[in-house]
Amino acid sequence: MVLEKAPSWQAKLEQEFEQPYMRTLQAFLRSEQAQNKVIYPLSSNWFHALETTPLEQVKVVILGQDPYHQPGQAHGLCFSVQPGVKIPPSLANIYQELASDVGAESVKHGYLESWATQGVLLLNAVLTVEDSKANAHQGKGWEIFTDKVISTINEHCDHVVFMLWGSYAQKKGAMIDTQKHLVLKAPHPSPLSAYRGFFGCQHFSQANSYLQQQGRTKIDWQLPKK
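Residues numbered from 1 in each chain as written. Predicted model: local features only at pLDDT ≥ 70, side-chain atom pairs only at ≥ 80, totals over all residues. Heavy atoms only, no water.

Engineer: What am I meant to see in helix α6 (residues 142-156) here?
Structural biologist: At 3.6 residues per turn, the α-helix brings residues three or four places apart onto the same side. Taking 1.5 Å of rise per residue, 15 residues should cover 21 Å, and α6 covers 21 Å from first to last C-alpha, within 8% of that figure. Buried within α6 are the following residues: Trp142, Glu143, Phe145, Thr146, Val149, Ile150, Thr152, Ile153 and Asn154. (Helix = DSSP H or I, 4+ residues; strand = E, 2+ residues; numbered from the N terminus. Expected span 1.5 Å × (residues − 1). Buried < 20%, exposed > 50% of the residue type's maximum accessible area, 1.4 Å probe, protein only.)

Following this line, the structure appears as structure tokens:
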């Protein structure tokens, strides 16, 4: 596991790959693969979020929990699915909030790559999962690594918007310096909790207002139609 395709992150995170927890994680993943267990996303996409959104370009961070665990869905960006895959329920609710908040038109795909290339880091806390077994790789070491990603942004970036949806993300984001960054909190967009305050949270417009106040360009939340 390396960050060759994410040089700005590698400069800050390369020491993590020498840590005991990471070696234990790597051994675990190798063992899973040796048992022919199916792991999502493909290993080439484990660090796709960091590769697509360089450290110096981070404007917004959206935290997810772990990758989608059905075939063809996960590609390394939280909440995003590959083109041609049915839009998952939580993402459908995100689209509903986008429409009411910033007037974004609906699209028939769940591919969020255009956000990532604009500076929206779509980071899961856990970067791998076993086929059909949600949370199968929790507690194996990924959380330590992604905590380091968050602390790196907290320390080395200015005026970043963190969208923390649900109690899991909010606990993970407890370290963020709220004097230096904007932290937005809401319930998770899943069908179980979206009606408790995710709908109407207006995080997307708040993020753009803050970015513009700080002299940064806003995010175009409108996804391409195709």
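Engineer: What should I look at first to understand the pattern of salt bridges in this one?
Structural biologist: Oppositely charged side chains can pair when the atoms bearing their charge come close. All chains considered together, the criterion is met by 5 salt bridges. A salt bridge links Glu18 to Arg23, with the shortest nitrogen-to-oxygen separation between them at 2.7 Å. By relative accessible area, Arg23 is classed as partly exposed at 47%. Notably, a salt bridge pairs Glu130 with Lys133, separated by 3.7 Å at the nearest N-O pair. (Salt bridge = Lys/Arg side-chain N within 4 Å of Asp/Glu carboxyl O.)

Engineer: Is there a simple way to explain the environment of Asp220 in this structure?
Structural biologist: Of note, Asp220 is situated in the segment after α8 (203-213). Of the residues examined, Asp220 reaches a relative accessible area of 44% and is grouped as partly exposed. When the C-alpha positions of Asp220 and Pro67 are compared, they lie 24 Å apart, and in sequence the two are 153 residues distant. In contact with Asp220, not counting residues within four places along its chain, are Trp115 and Gln118. Polar contacts involving the side chain of Asp220 include one to the main-chain amide nitrogen of Gln222, which spans 3.1 Å. (Contact = heavy atoms within 4.5 Å. Polar contact = N/O pair within 3.5 Å; in protein donor to acceptor, adjacent residues only side chain to side chain.)

Engineer: Just checking my understanding: could you explain the layout of surface pockets for this structure?
Structural biologist: A probe matching the size of a water molecule, rolled over the atoms, marks out where space remains unfilled. Empty space within the largest pocket amounts to approximately 450 Å³. If you go around the largest pocket, you meet 29 residues; those closest to its centre are Gln65, Asp66, Pro67, Tyr68 and Asn124. For the lining of the largest pocket, the elements supplying multiple residues, two or more each, are α4 (89-102) and β3 (120-124). Among the elements that take part in the lining of the largest pocket, β3 stands out by supplying 3 residues, more than any other. Its residues assigned to classes, the lining of the largest pocket comprises 16 nonpolar, 12 polar and 1 charged. Each pocket or cavity is described by its volume, and for the second largest pocket that value is around 230 Å³. Around the second largest pocket, the lining is made up of 14 residues, and of these Met1, Val2, Ser43, Trp46 and Phe47 lie nearest the centre. No other element matches helix α2 (residues 20-34), which puts 4 residues into the lining of the second largest pocket. Classifying every residue of the lining of the second largest pocket by side-chain character gives 6 nonpolar, 4 polar and 4 charged. (1 Å grid on protein atoms, 1.4 Å probe; cavity = no way out; pocket = protein on both sides within 12 Å on 5 of 7 lines; lining within 4 Å. Points joined across faces, edges and corners; volume = space filled by probe spheres on them. Nonpolar A, V, L, I, M, F, W, Y, C, P; charged D, E, K, R; others polar.)

Engineer: Looking at this structure, how should I read the state of the cysteines?
Structural biologist: Note on terminology: a disulfide is the covalent bond linking the sulfur atoms of two cysteines. A complete count under the given rule lists 0 disulfides for this structure. We note that Cys78 lacks a disulfide partner, and the nearest cysteine sulfur, in Cys201, lies 14 Å from it. The class for Cys78 is buried, based on a relative accessible area of 0%. With no disulfide of its own, Cys157 lies closest to Cys78 among cysteine sulfurs, the gap being 17 Å. Relative accessible area serves as the criterion here: at 7%, Cys157 is assigned to the buried category. (Disulfide = S-S within 2.5 Å.)

Engineer: Can you walk me through the sheet that holds strand β6 (residues 182-186) in this structure?
Structural biologist: The strands making up a sheet associate through backbone hydrogen bonding, with each pair oriented either parallel or antiparallel. The sheet built from 4 strands is open, its strands ordered β3-β2-β5-β6 with parallel pairing. Whereas interior strands pair on both sides, the edge strands pair on one side only; in this sheet they are β3 and β6. Put simply, the sheet's adjacent strands are angled 20° from each other on average, direction ignored. As defined by bridge partners, strand β5 (residues 161-165) adjoins β6 across 5 bridges and the pair is classed as parallel. From the neighbouring strand, Trp165 faces β6, where its bridge partner is Ala186. Contacts between α6 and the sheet are confined to β2 (60-64), β3 and β5, with β3 contributing the most and set at about 155° to the helix. Across the sheet, α8 touches β2, β5 and β6, and the angle it forms with β5 is around 165°. (Pairing = 2+ DSSP bridges. Axes fitted to C-alpha atoms, helices over the stretch in contact; angles between N-to-C directions.)

Engineer: Got a minute to help me understand the environment of Met1 in this structure?
Structural biologist: You can see Met1 is positioned in the segment before α1 (7-13). Residue Met1 is classed as partly exposed on the basis of its relative accessible area, which comes to 27%. When the C-alpha atoms of Met1 and Trp46 are compared, they prove to be 8.8 Å apart, with 45 residues separating the residues in sequence. When sequence neighbours within four positions are dropped, the list of residues in contact with Met1 reads Phe17, Met22, Leu25, Gln26, Leu29, Trp46, Phe47 and Trp142.

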